[in-house]
Amino acid sequence: MPVHCIPGIHYVGQLHENSLLRVALEQITEGQLQFVRLEEQFDTVLLGRGSERRAFHIHAGKEEMRESLRRQFPKDTLAVDQLMRLMKEAARHTPLLACLKMMPLWLVRFLMKMKLLDRISCVFGLASSSHSHQMAKLTQNKDLTALSSYFFYGAPPRDSSFLINVLFLHHYKRGAYYPRGGASEFAFHIIPVIRKAGGAVLVRAPVQRVLVNKEGTTYGVTVRKGQEEVEVMAPVVISDAGIFNTFQKFLPKEIQTTPEIQSLLGLVRHGMGSFLVFVGLDGSKEDLGIVSTNFWMYKHNDLDQLMEHYSSLSREEVVGNIPMMFLTFPSAKDPTSSIRQPGKSCMTLLTMAKYEWFEEWKDTKLNKRGPEYEDLKMSMARELLDWALEIFPQLHDKIVFMDAATPLSNMHYLGASCGEMYGAEHNVARFSPDVVAKIRPETPVKGLYLTGQDVFCNGMAGALHGGLLCASALLSPKIYIDLLQLKKELKRKTARKKA
C-alpha cells in the first residue's frame, strides 16, 4: 500500500477552549473541524551538529513556557522574564495593528505625524524593531537569542520584526494542535458552509483575469474551463492569490502600471521560496519510535550569519550547505493516520530555498523538468534526509518513498508567484505603521479586495485574521466586536457549567 504524505499545516496554536481563533473556526466550519492537542513539549530546537549539538525544549503552558526557559537558561532568567513580558505585551496590543488597517489613512498619517502611536502602545515600536536589535538589549546569550526566533520563514532575525517573532512563540503558549484527519479537513468542513450560504466552490477552474470596466470598477473574473475562458460576473472580487499575483498577473496591463498599484507593490518584496521533502516510512508510530514533537535544526546559533550566507549562495553552492531544517512526523500527530494507513508513517522535512536556484526551469512542466533539475532537487533532498537520520537513525532501513517539492512545485500547486509559501516577505519594513496601514483589504480598484496572509501575516491564523479584516472592510468592523462578544458569552457558559 502506498504511503500518503500529508502536506499543509504542521501545527496550530491558540485553539484552547473559547479562544478567539477557535470560536472563529467553529463559526466557519459549524463546529465540525476537530483538533488534537500535541504533547506539552511541542518543539525541540537543535543548535549545532555532532558533539556540538545542543537541544532546547519549548513547552506549552501559561507558566510552563517561561519556567522551562528559565530552567534551560539559569544564568539568563532576567532576560527570559523580560522576553516573556514583551511577548505578553505584544500579544495583548496586536489588535491595534489591525486597527491601523481599518482606520482612514488620513487618520493614521495624522497619528504618525504627531508621534502619537508610541504613546498609545509599545506594539508599534516592537513591530518596527529589528529582532536582533531588540534581543541585544536583553541578553548576550546567542543560544537564547536564537531560540527567541527559531521559526524560520526567510528573513534573518536582524531583518525581521521583533513583534512577529514573539507572536509566533506566544501563538503556542496555550498549546499546539493538529487537525484530526490532516490539513485537508479545513476545506472539507468549510466548503459545505459556503454552499449552505448560497456560494459555490470551483476546482480546476484557474482564474485568468480580473475583469475591470472603463470606469475602473471590477465586475468579475474569467476562469479557464478546458481550453476556453468563462466569465464569472460578480459585483465584488476578493483575491486570496497574494498581492503580487493579484496586481501583476490578474489585473489588466493598463491598471497594473498605475501609480497607485505600483506604490503598493513597492512596499513589499517576494518572500523566500520553500523546499520540502516527503518521506514514506514502513512502520507505525510505535514501531518506529517517532514522536509528535517538531524539530527545528540549525548548524550553529548565529542565525543572522547563517541565513544571510545561505541566501548569498549560487545554485552550484547550495548542495552541502543547507544550514537549517524543520523536521516533523504528521502521521504521529494524527490519531486517524493509523486507521487510514495502518503500519505506515510519514515524515516531512522543510527548509527555505531561493526561487533563483530553480528559475532556469520555470517554463517546464511538472515531472518533465529534465535531469539537471531532478539531480539538484534530489541532492538537496538527500542532504536533508541524512541530517534527519542523525536524529532518528532507526529510520535508516524503513524508508519506502521519498520525493521533494521546490519553489517551482509551490508555483504549480499553490500558484505562488516566486515559490513562496508565506506570501510577501516578512521583513521589518513590512510591519512599520505606514506599511501596515497601506496594505489593507481595500485596493485602488473599486470592488477588488485582498485577503489572506498578505493582508495580515503568515500562517493559518494570520490568513484567517486577513479574512476577518477583509470581511470587516466589506460588511462592517462590527464583525470583530461580534466575535469577541460571542467569545465572552461562551466563556461565561463554560464557567457556569463548571460551577
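This text follows the structure it describes.
The shown structure was predicted, so the numbers you read here are calculated from the model rather than taken from an experiment.

Comments concerning the nonpolar core
In a soluble, globular protein the nonpolar side chains are often hidden away together inside.
And then number 1: Within the largest apolar cluster, 150 residues are counted, with the highest numbers of intra-cluster contacts made by Leu 327, Met 347 and Phe 358.
And then number 2: The dominant element in this core, judged by the number of residues it contributes, is helix H20 (residues 371-391), at 11 residues.
And then number 3: In this structure, Leu 327 is in contact with Asn 294, Phe 295, Met 297, Met 347, Thr 348, Leu 349, Ala 388 and Phe 392, ignoring residues within four places of it in sequence.

Some words on the sheet that holds strand S14 (residues 399-405)
And then number 1: Read from one edge of the open sheet, 7 strands run S4-S3-S11-S12-S13-S10-S14, paired in mixed fashion. Each end of this open sheet is capped by a strand with a single partner; those strands are strand S4 (54-59) and S14. Mean inter-strand twist for the sheet, computed between neighbouring axes without regard to direction, equals 15°.
And then number 2: Direction of pairing for strand S10 (residues 273-282) relative to strand S13 (residues 344-353): antiparallel, over a ladder of 10 bridges. By the bridge assignment, Leu 281 is partnered in S13 with Ser 345.
And then number 3: Against the sheet, H20 contacts strand S3 (41-47), S10, strand S11 (294-298), strand S12 (324-328), S13 and S14, and its axis sits at roughly 130° relative to S14.
And then number 4: Each of S10, S13 and S14 touches helix H21 (residues 407-414); the most contacted strand, S10, lies at about 90° to it.

Describing the environment of Gly 467
And then number 1: Here Gly 467 shows up in helix H23 (residues 459-474).
And then number 2: The class for Gly 467 is partly exposed, based on a relative accessible area of 26%.
And then number 3: Residues within four places of Gly 467 in sequence aside, it is in contact with Thr 451 and Gly 452.

Considering the packing of helix H2 (residues 64-72) against helix H3 (residues 77-93)
And then number 1: At a minimum axis distance of 9 Å, the contact between H2 and H3 shows a crossing angle of 155°. Relative to H3, H2 is oriented roughly antiparallel. The element H2 and its partner H3 pack so that their crossing is right-handed. On H3, the residues touching Met 65, Arg 66, Leu 69 and Arg 70 of H2 are Thr 77, Val 80, Asp 81, Met 84 and Met 87.
And then number 2: Split by residue class, the contact of H2 with H3 holds 5 nonpolar, 1 polar and 3 charged.

Notes on the packing of helix H1 (residues 20-29) against helix H11 (residues 184-196)
And then number 1: Where H1 contacts H11, the two axes come as close as 7 Å, and the packing angle between them is 60°. With respect to H11, the axis of H1 lies oblique. Residues Leu 25, Ile 28 and Thr 29 of H1 touch H11, and the partners they reach there are Phe 186, His 189, Ile 190 and Val 193.
And then number 2: When the residues that make up the contact of H1 with H11 are grouped by side-chain class, the tally is 5 nonpolar, 2 polar and no charged.

Things to note about the packing of aromatic side chains
And then number 1: Tallying each qualifying case throughout the model produces 21 aromatic pairs.
And then number 2: Judged by centre distance (6.5 Å) and plane angle (20°), the ring pair of Phe 275 and Phe 358 falls under stacked. A residue pair is termed long-range when its members are at least 10 positions apart, and Phe 275 in strand S10 and Phe 358 in the loop between S13 and H20 qualify at 83 residues.
And then number 3: The class for Phe 275 is buried, based on a relative accessible area of 0%.
And then number 4: Phe 358 gets classed as buried once you look at its relative accessible area, which sits at 0%.
And then number 5: One aromatic cluster in this structure is built from Tyr 11, Phe 42, Tyr 150, Phe 151, Phe 152, Tyr 153, Phe 168, Tyr 172, Trp 296, Tyr 298 and Phe 326.
And then number 6: One cation-aromatic arrangement involves Arg 369 over Tyr 373; the distance from NZ or CZ to the ring centre is 5.6 Å.

Points about the side chain of Thr 246
And then number 1: Relative to the helices and strands, Thr 246 resides in helix H12 (residues 243-250).
And then number 2: Here Ser 239 takes part through its side chain, which lies 2.6 Å from a polar atom of the side chain of Thr 246.
And then number 3: At 2.7 Å, the side chain of Thr 246 and the backbone oxygen of Gly 242 are in polar contact.
And then number 4: Not counting chain neighbours up to four residues away, the residues in contact with Thr 246 comprise Ser 239, Ala 241, Leu 251, Leu 448 and Leu 450.

Section: the side chain of Ser 274
And then number 1: Inspection of the secondary structure assignment puts Ser 274 in strand S10.
And then number 2: At 2.7 Å, the side chain of Ser 274 forms a polar contact with the side chain of Asn 410.
And then number 3: In contact with Ser 274, other than residues within four places in its own chain, are Leu 350, Thr 351, Met 352, Ala 353, Ala 405, Thr 406, Pro 407, Asn 410, Gly 419 and Met 421.

Thoughts on the pairing of S4
And then number 1: As defined by bridge partners, S3 adjoins S4 across 6 bridges and the pair is classed as antiparallel. For Val 45, the partnering residue across the bridge sits in S4 and is Phe 56.
And then number 2: Where S3 folds back on S4, the antiparallel hairpin that results is connected by 6 residues, among which Gly 48 adopts a positive phi of roughly 90°.

Observations regarding the pattern of salt bridges
When the charged atoms of two side chains lie near each other, side chains of opposite charge can form a pair.
And then number 1: Under the defined criterion, the tally for this structure stands at 26 salt bridges.
And then number 2: With its nearest N and O atoms 2.9 Å apart, the salt bridge here joins Arg 54 to Asp 143. Of this pair, Arg 54 sits in strand S4 while Asp 143 sits in helix H9 (residues 142-147); the two residues are 89 residues apart in sequence, bridging distant segments of the chain.
And then number 3: Judged by relative accessible area, which is 10%, Asp 143 ranks as buried.
And then number 4: When the shortest N-O distance is used, the salt bridge between Glu 360 and Arg 315 registers 2.8 Å. In this pair, Glu 360 sits in the loop between S13 and H20 while Arg 315 sits in helix H17 (residues 315-318), placing the two residues 45 residues apart along the sequence.
And then number 5: You can call Arg 315 partly exposed: its relative accessible area is 22%.

Thresholds, definitions, all that
Residues numbered from 1 in each chain as written. Predicted model: local features only at pLDDT ≥ 70, side-chain atom pairs only at ≥ 80, totals over all residues. Heavy atoms only, no water. Core = buried A, V, L, I, M, F, W, Y, C linked by side-chain atoms within 4.5 Å. Buried < 20%, exposed > 50% of the residue type's maximum accessible area, 1.4 Å probe, protein only. Helix = DSSP H or I, 4+ residues; strand = E, 2+ residues; numbered from the N terminus. Contact = heavy atoms within 4.5 Å. Pairing = 2+ DSSP bridges. Axes fitted to C-alpha atoms, helices over the stretch in contact; angles between N-to-C directions. Parallel < 35°, antiparallel > 145°, perpendicular 65-115°, else oblique. Left-handed = near helix turned anticlockwise from the far one by under 90°. Nonpolar A, V, L, I, M, F, W, Y, C, P; charged D, E, K, R; others polar. Phe/Tyr/Trp six-rings, centres within 6.5 Å; stacked < 30°, edge-to-face > 60°. Lys NZ or Arg CZ within 6 Å of the ring centre and 35° of its normal. Polar contact = N/O pair within 3.5 Å; in protein donor to acceptor, adjacent residues only side chain to side chain. Salt bridge = Lys/Arg side-chain N within 4 Å of Asp/Glu carboxyl O.

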